[in-house]
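# Residue-level structural notes
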Amino acid sequence: MTTKRRIVVTGVGLVSPVGIGTEQTWQALQRGQSGIAPITLFDATGYACQIAGEVKDFVPEDFIDRKDIKKMGRFIQFALAATDFAMKQSGLQILPETAERTGVYVGSGIGAFEVIEREHTKLMTAGPGRVSPFFINASIANLAAGQISIRYGASGPNLTPSTACTTGAHAIGEAFRILERGDADVMICGGSEAAVTPLSIAGFAAMRALSTRNDDPATASRPWDDDRDGFVAGEGAGILILEERTHALRRGATILAELVGYAANSDAFHTNAPPEDGRGVRRVMQLALQDASLEPHTIQYLNAHATSTPLGDRAEATAIGVTFGDHTPNLLVSSTKSMTGHLLGGAGSLEAGITVLALRDQLAPPTTNIQHLDSACTFQVVQNQAVAAPMQYAMTNSFGFGGTNASLIFRRHEID
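Below or above, wherever it landed, is the structure these notes cover. These numbers were taken from a predicted model, which means no experiment stands behind them.

### Notes on the packing of aromatic side chains
For the coordinates displayed, the defined rule picks out 7 aromatic pairs. Where Phe 58 meets Phe 63, the ring centres are 5.7 Å apart and the plane angle is 10 degrees; that geometry is what we call stacked. Like Phe 58, the residue Phe 63 is buried in the burial classification. Centre to centre, the rings of Phe 63 and Phe 85 are 5.6 Å apart; their planes meet at 65 degrees, and the pair counts as edge-to-face.

### Regarding the packing of helix H10 (residues 279-291) against helix H11 (residues 310-324)
Helix-helix packing is described using two parameters, namely the angle between the two axes and the distance between the axes. The N-to-C vectors of H10 and H11 enclose an angle of 40 degrees; their axes lie 8 Å apart at closest approach. One finds that H10 runs oblique with respect to H11. Considering how the two elements wind past one another, H10 and H11 form a crossing that is right-handed. Residues Val 281, Arg 282, Met 285, Gln 286 and Leu 289 of H10 form the contact with H11, whose participating residues are Glu 316, Ala 319, Ile 320, Val 322, Thr 323 and Phe 324. Across the contact of H10 with H11, the residue classes break down as 7 nonpolar, 2 polar and 2 charged.

### Things to note about the nonpolar core
Counting 45 residues, the largest nonpolar core has Val 9, Ile 172, Leu 240, Leu 242, Leu 408 and Phe 410 as the members making the most contacts within it. Sorting elements by how many residues they give to this core places helix H13 (residues 347-361) first, with 8 residues. The residues touching Leu 408, leaving out its near neighbours within four places in the chain, are Ala 169, Ile 172, Gly 173, Leu 259, Gly 261, Tyr 262, Ala 352, Ala 394, Met 395 and Thr 396.

### As for the packing of helix H1 (residues 22-31) against H13
Packing of H1 against H13 leaves a shortest axis separation of 11 Å and a crossing angle of 75 degrees. Compared by their axis directions, H1 and H13 come out roughly perpendicular. Residues Thr 22, Glu 23, Trp 26, Leu 29 and Gln 30 of H1 form the contact with H13, whose participating residues are Ile 354, Leu 357, Ala 358, Arg 360 and Asp 361. Of the residues that constitute the contact of H1 with H13, the class distribution is 5 nonpolar, 2 polar and 3 charged.

Cut-offs used in this document
Residues numbered from 1 in each chain as written. Predicted model: local features only at pLDDT ≥ 70, side-chain atom pairs only at ≥ 80, totals over all residues. Heavy atoms only, no water. Phe/Tyr/Trp six-rings, centres within 6.5 Å; stacked < 30°, edge-to-face > 60°. Buried < 20%, exposed > 50% of the residue type's maximum accessible area, 1.4 Å probe, protein only. Axes fitted to C-alpha atoms, helices over the stretch in contact; angles between N-to-C directions. Helix = DSSP H or I, 4+ residues; strand = E, 2+ residues; numbered from the N terminus. Parallel < 35°, antiparallel > 145°, perpendicular 65-115°, else oblique. Left-handed = near helix turned anticlockwise from the far one by under 90°. Contact = heavy atoms within 4.5 Å. Nonpolar A, V, L, I, M, F, W, Y, C, P; charged D, E, K, R; others polar. Core = buried A, V, L, I, M, F, W, Y, C linked by side-chain atoms within 4.5 Å.

These values are about where atoms sit, not about what they do.
Dropping the structure here:
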């Protein structure tokens, strides 16, 4: 039987509503700091939802040449910034002789909504001659991966998953598979989203998916609280540098964690809601455990998908209880969306990065805003403040519209 290649994480890059940069984001989450506030990217007067997790004080020029900024939608800019942080932490240099063994899997659930809305307005008010020549390159989803590969000279496998809110996790998981089977030695992977725009917020609000706690933004996202009333949209990016372990050790890289399990499946049930018993979620966690050759009791921490929607949170809580059985009361679980909001296509990779940092520092970040815990939560919700605990294995879940699911398992890295 062929032995699987071992895959490690050597870089994490995060751009989020609570910080621009990996360590800034991580420190804010440990403090329980909220990144949710009134919307400033457009005038939300009259909208049912007027709050979001915006990336504050983001200066594109800090990461991108001024002449190129107009060619890139905000989600591309976030992806390049997050990649910059990840590459610097990794210390990776892509040389001509390694370029074809270095790939990029970076996705987006929506792409550049703000560019599409802006250019459509120009078309309708001033005619086709006013549409920007950079419109297409700035807006289509695969240009985040494209721009990253061009910037760093990564000419290996290049792909853009677009699976709604599971995008970031799928990008990491499929990059993991590429590395396992030997089609590359390094993968730059993750997701990015910038969908705090008039049409996006109006659309999600029309579905009654968003929280309307406009008078108290910081407590609006409250996963697993009985009084939750919907998710809060966020924006940002999470990028991981995955490497074949021998490759990383050979170049003297600092290994942050090992990725040991991944699974993907579908509820095959409904476009917007999971089945009440969470059977698709339960199965994807079981498959990830099987892929990692682990039993449920080996997982100490789980960064959950929990978005602060009544149906979704309860289905995931039910699935966790069934999957982990007698171990459930010992399992530490948090939803950092309580602070960042829901980054849609960027959520899974942001939270994968957070899970890696939790293992690195042996610290589980909190779920904030819990006042009345849902009785479906039979696990240890990390409530309102971070908890230091020994963690060898950690899982993170992501689920998306259409019933698409993913689960990733990381192991604390030890030289052996």
